[in-house]
Amino acid sequence: MTTNLQIISDLRLLMENQQPIEMLNTYKGAPFVYQGHLASIRGDHVLVRTDEPEIVLLQKDRRTEVLGNNFFEPFSAQVSSVDLMQGMATLYNFSYLGVKLGERMLARVEPKAPLPVNILIGRDQIAAELADISMNGAGLRIPTDQFTPALKPGAVIHISMELPSGAISARGAILSAVRAPGRYRFSLRFAPDHHFRGVLFRYLVNRRREIEAELIEEFDRARNAVT
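Bear in mind the structure is a predicted one, so any value in this text is a computation, not a measurement.

**Q** It is not clear to me how the nonpolar core should be interpreted in this structure. Could you clarify?
**A** Most often, soluble globular proteins keep nonpolar side chains buried together rather than apart. Grouped together as the largest cluster of nonpolar side chains are 62 residues, with contacts concentrated most on Leu11, Ile133, Leu140, Ile159 and Leu200. In terms of residues, this core owes the most to one element, helix H4 (residues 197–225), which gives 8 residues. Leu200 has contacts with Ile133, Ser134, Met135, Leu163, Ile168 and Phe190, leaving out every residue within four places of it along the chain.

**Q** Teacher, can you tell me more about the packing of aromatic side chains here?
**A** Ring pairs (aromatic) are described by centroid distance and by the angle formed between their planes. Tallied over the entire structure, the rule returns 6 aromatic pairs. Measuring from centroid to centroid gives 5.7 Å for Phe75 and Phe94, while their planes differ by 80 degrees, and the two rings are edge-to-face. Here Phe75 is found in strand S5 (residues 75–83), whereas its partner Phe94 is found in strand S6 (residues 88–96), with 19 residues between them in sequence. Take Phe75 and Phe94: they sit in the same class, and that class is buried. Aromatic pair Phe147 and Phe186: ring centres 6.4 Å apart, planes at 10 degrees, arrangement stacked. Taken as a pair, Phe147 in the loop between strand S9 (137–143) and strand S10 (156–163) and Phe186 in strand S12 (residues 183–190) lie far apart in primary sequence, 39 residues in all. Taking the relative accessible area as the measure of exposure, Phe147 reaches 30% and is therefore partly exposed. A relative accessible area of 2% places Phe186 in the buried class.

Conventions we followed
- Residues numbered from 1 in each chain as written.
- Predicted model: local features only at pLDDT ≥ 70, side-chain atom pairs only at ≥ 80, totals over all residues.
- Heavy atoms only, no water.
- Core = buried A, V, L, I, M, F, W, Y, C linked by side-chain atoms within 4.5 Å.
- Buried < 20%, exposed > 50% of the residue type's maximum accessible area, 1.4 Å probe, protein only.
- Helix = DSSP H or I, 4+ residues; strand = E, 2+ residues; numbered from the N terminus.
- Contact = heavy atoms within 4.5 Å.
- Phe/Tyr/Trp six-rings, centres within 6.5 Å; stacked < 30°, edge-to-face > 60°.

Worth remembering: the numbers are spatial, not functional.
See the structure below:
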């Protein structure tokens, strides 16, 4: 049995037993897990009902990830249609996630407004911008003209920034460097001995609350747009 058919078969069993599924989408870097109920299955398309505001993320992302349970492994699905007023979405094109799910579950947030970051590598200082941050690391952006070959995977750098919850000075290793139009994006993993956990934790908690409120606002705007 192919992957797609196996997942649909598992979902059919869940629907017959009236078991909900848990879906995962991210918004501004933060993961959101919410429940859906299987309404019908027609061929390779599955109709899911949810009363949660996260349904607006299905409309934005056009895909979702479904967390596994005792009956099936986690899988991803594309979204073919969304009815915000009825709280319904149609999923199709399923595939197993395997180990890829772990990274999506990290408590990572994007800043509300651009936050400047100072990078120190050797004797060079480079002005960067915070893309996102978690307890384990951060994403950084720099303009293309600020790039130096020293900023390569494995390089150890120091960063400093001023979060709303306080100042952070951190050391970490670059995991990846990706070029995009006009800029580079770096993934940084903090050294395990970082002492700013309290400051960072407060920022993550407060920013998560803000993002939840922003998600509700986006849901309300999307629903008002179709009425």
